[in-house]
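Notes for the structure review
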Amino acid sequence: MKQQAAKIYIGVIAALGLVVLVANSINVPTSAIDPVMFVVILVLVGIAQRNPVVLFRSSAISVAFAVKIAAYVLFGTPVALWATVVVVAVNAYTPKPKPARKIIFNFGGMMLSTYLASSTYQLVGGMVPPGAFVPTMLAVAVSAAVYFAANSALTAAVITLTSNSRFVDVWMQNFAWMPVNYLATAVNGAALALAYQSLGVIGVIVFVLPLGIAWYSFRLYMMKSTQVRERNRELVSLNENLHRTTERLEASHVSVIAALLGSLAAKERSEGHSDATMQHALAVAKSLGLGPDEIAAVNLGTLFHDIGKIGIPEHILQKPTALTDAEWAEMKTHPVIGANLIGEVPNLERIRPIVLAHHEHYDGTGYPNGLKGDEIPLAAQIISVADTYEAMTSTRPYRPALCHADAVAELRRVAGSQLNPIVVEAFIRQIEIGAAGASHTHDGAAHSHVRDLAVAAARLSMH
């Protein structure tokens with residue numbers, strides 16, 4: 001139904017445009033028309049329409065409207081209508097060929113708009129040829145407003161009939177920004193007519209030359225602006241691709257490390273150790289009043305603190321007797337190995353010092369750097385206490401597990417030397433009141449590591 005209405009509308013507009021052209025072309029007094037200027041007008045309007053300046057969002061402006069105004073100001077409606085014929089003909093393939101239905105509508109719409117504008121110019125006191133400067137300019141301004149209103153309304157109506165958009169939305173999107181442009185172009189048209197009236201064809205040339213230079217300069221500006229916008233779009237696209245690539249690389253690193261955690265758990269036959277240590281450490285961190293970021297760092301630090309053991313030979317990790325000096329020296333390299341491994345993942349960079357320092361002692365006798373007291377990251381001190389307790393209460397190849405009471409006694413014995421005494425007491429308090437929620441369940445440790453890794457890494461990456 002709507003498509004049928006659009007066809008009828010286009011047919012009516014085109015028919016009215018043809019009637020206007022024929023009616024105004026009959027019995028035209030050609031003696032009042034300068035044939036040279038008539039040709040100049042047709043050439044100028046064709047050149048202007050052939051070379052519009054393309055704006056943003058594929059919009060374009062043309063100074064052909066200025067030439068049409070000069071035509072009806074100098075010679076009346078008939079010449080302006082024939083100038084419009086040239087505009088329609090050139091517009092049919094500029095900037096690209098248009099379908100027949102659109103050409104037919106443009107013919108009718110432009111003819112009616114030009115006729116209404118020219119008639120309005122004379123109705124409000126505009127003289128043909130022009131008279132005084134001020135009345136001419138005022139009449140031109142009013143006629144330009146009529147042309148814009150008629151042309152924009154006719155075009156918005158046909159777009160509405162051939163789409164699902166509302167008339168108001170179409171007009172606002174396509175024409176709301178154009179009134180000032182039409183007014184400025186109309187003033188140029190009036191000036192062109194006055195220049196011809198004063199100086200003849202020479203006046204036209206003198207007027208058109210700077211106008212052409214201004215058009216060329218604006219065209220160069222728009223071309224440069226288009227190039228800059230294209231370059232900006234390329235840079236934005238490149239940045240997005242780099243961001244996605246970085247995310248993929250980090251995800252790959254995290255996946256590899258998560259796989260290493262699972263491999264290490266199997267290698268040490270200590271599934272559940274890191275999970276239980278993490279639960280204890282998190283409970284202590286919360287009891288000490290650490291903030292969300294610090295708690296996230298403790299979470300990740302606990303998961304990764306022993307990742308460096310992946311580089312330690314299995315015969316050392318599984319040795320049922322005491323390590324030799326050489327073996328012990330090799331074992332003590334695992335914090336450095338782990339820190340270097342963590343350093344390859346940007347999102348985990350903040351926990352590198354924690355992994356590196358989790359075997360430092362409170363009195364400075366630990367390794368690898370002999371840090372002491374507050375030189376040791378608090379997260380590392382928390383992990384050290386939780387890890388020590390979990391190690392003592394777990395069965396190892398070289399000794400059986402200690403009971404809870406013996407493990408607590410040992411923690412208190414080394415408090416102040418190996419471990420931070422404040423952290424030790426906070427840990428014991430959490431263990432005894434059960435707030436740590438620590439159970440010695442050893443099932444599903446690998447899944448727990450990956451889950452906690454994802455949550456804590458996301459938390460740190462946002463800061």
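Take the overall build of the protein next. The helix and strand inventory of the protein stands at 19 helices and 2 strands. For the protein, buried positions account for 43% of its 463 residues. When the accessible surface of the protein is summed, it comes to about 23,200 Å², and 64% of that surface belongs to carbon and sulfur atoms.

What follows covers the confidence of the model for the protein. Taken as a whole, the protein shows an average pLDDT of 80; of its residues, 80% reach a score of 70 or greater. Averaged over each element, pLDDT in the protein is lowest for helix α19 (residues 445–461) (45) and highest for helix α5 (residues 100–123) (94). Here residues 435–459 scores under 50 on pLDDT; set against residues more than four positions off or in separate chains, the count is 39 contacts.

With that settled, consider the side chain of E327. Along the chain, the position of E327 falls in helix α13 (residues 325–331). A polar contact of 2.9 Å, which involves the side chain of E327, links it to the backbone nitrogen of T324. Beyond its immediate sequence surroundings of up to four residues, E327 is in contact with H315, I316, K319 and A322.

Quick look at the packing of helix α3 (residues 64–74) against helix α8 (residues 179–199) now. The contact between α3 and α8 brings their axes to 7 Å, and the two run at 45 degrees. One finds that α3 runs oblique with respect to α8. The two elements α3 and α8 meet at a crossing, and its hand is right-handed. Of the residues in α8, those in contact with F65, A66, I69, A70, V73 and L74 of α3 are Y182, T185, A186, N188, G189, A190, L192, A193 and Y196. Its residues placed into classes, the contact of α3 with α8 shows 12 nonpolar, 3 polar and no charged.

A few words on the packing of α3 against helix α4 (residues 77–91). Look at α3 against α4: their axes get within 7 Å of each other, and the N-to-C directions meet at 155 degrees. Comparing their axes, α4 and α3 come out roughly antiparallel. Helix-helix and strand crossings are classified by hand; for α3 and α4 the assignment is right-handed. Contacts from A64, K68, A71 and Y72 in α3 reach T77, V79, A80, A83, T84 and V87 in α4. Per-class residue counts for the contact of α3 with α4 are 7 nonpolar, 2 polar and 1 charged.

A separate point is helix α11 (residues 292–304). The terminal C-alpha atoms of α11, which comprises 13 residues, lie 18 Å apart, in line with the 18 Å expected from a rise of 1.5 Å per residue. Every buried residue belonging to α11 is among D293, I295, A296, A297, V298, N299, L300, G301, T302, L303 and F304, and all of these are buried.

A few words now on unusual backbone geometry. A cis amide bond, omega -5 degrees, links V128 with the succeeding residue P129. Relative to the helices and strands, P129 is located in the loop between α5 and α6 (133–161). The omega angle of the peptide bond from Y367 to P368 is 10 degrees, so this bond is cis rather than trans. The residue P368 is located in the loop between α15 (352–357) and α16 (378–392) in this model.

Locating A195 in the fold gives a position in helix α8. Given a relative accessible area of 16%, A195 falls into the buried group. As a C-alpha pair, A195 and I205 span 10 residues in sequence and 9.1 Å in three-dimensional space.

What follows deals with the side chain of S143. You can see S143 is positioned in helix α6. Judged by its relative accessible area of 0%, S143 is buried. Among the polar contacts made by the side chain of S143, one reaches the side chain of Y72 at a distance of 2.6 Å. Those residues within four positions of S143 in sequence are excluded, and the remaining contacts are Y72, A117, T120 and Y121.

Further remarks concern the nonpolar core. Among the nonpolar cores identified, the biggest contains 55 residues, and I41 and F75 are the most heavily contacted of them. Where this core is concerned, the elements lending two or more residues are α1 (2–25), α2 (35–50), α3, α4, α5, α6, α7 (167–175) and α8. For this core, the element with the highest residue contribution is α6, accounting for 10 residues. Within the second largest apolar cluster, 40 residues are counted, among which are L282, Y389, V408 and V424.

This model, assessed by the stated rule, comprises 6 aromatic pairs. Ring geometry for F65 and Y147: centres 4.6 Å apart, planes at 35 degrees, overall tilted. One end of the pair, F65, is in helix α3; the other, Y147, is in helix α6, with 82 residues separating them in the sequence. The pair F65 / Y147 is uniform in exposure class, with both members buried. Both rings, one in W328 and one in Y367, keep their centres 6.2 Å apart while their planes meet at 80 degrees; by these two values the pair is edge-to-face. Here W328, found in helix α13, pairs with Y367, found in the loop between α15 and α16; they are 39 residues apart in sequence, far enough to count as distant. Overall, the relative accessible area of 41% leaves W328 in the partly exposed class.

A few words on the pattern of salt bridges. All told, the structure shown has 7 salt bridges when counted by the stated rule. Salt-bridge contacts for R231 lead to E234; the nearest nitrogen and oxygen are separated by 3.3 Å. With R231 and E234 both in helix α9 (residues 201–268) and 3 residues apart, this pair spans about one turn of that helix. Across the salt bridge formed by R413 and E410, the nearest N and O atoms sit 2.6 Å from each other. Pair noted here: R413 and E410 are both in helix α17 (residues 404–414), with a separation of 3 residues, about one helical turn. Given a relative accessible area of 26%, E410 falls into the partly exposed group.

Definitions and cut-offs
- Residues numbered from 1 in each chain as written.
- Predicted model: local features only at pLDDT ≥ 70, side-chain atom pairs only at ≥ 80, totals over all residues.
- Heavy atoms only, no water.
- Helix = DSSP H or I, 4+ residues; strand = E, 2+ residues; numbered from the N terminus.
- Buried < 20%, exposed > 50% of the residue type's maximum accessible area, 1.4 Å probe, protein only.
- Areas by Shrake-Rupley, 256 points an atom, 1.4 Å probe, with all protein chains shown as cover.
- pLDDT = per-residue confidence, 0-100.
- Contact = heavy atoms within 4.5 Å.
- Polar contact = N/O pair within 3.5 Å; in protein donor to acceptor, adjacent residues only side chain to side chain.
- Axes fitted to C-alpha atoms, helices over the stretch in contact; angles between N-to-C directions.
- Parallel < 35°, antiparallel > 145°, perpendicular 65-115°, else oblique.
- Left-handed = near helix turned anticlockwise from the far one by under 90°.
- Nonpolar A, V, L, I, M, F, W, Y, C, P; charged D, E, K, R; others polar.
- Expected span 1.5 Å × (residues − 1).
- Core = buried A, V, L, I, M, F, W, Y, C linked by side-chain atoms within 4.5 Å.
- Phe/Tyr/Trp six-rings, centres within 6.5 Å; stacked < 30°, edge-to-face > 60°.
- Salt bridge = Lys/Arg side-chain N within 4 Å of Asp/Glu carboxyl O.

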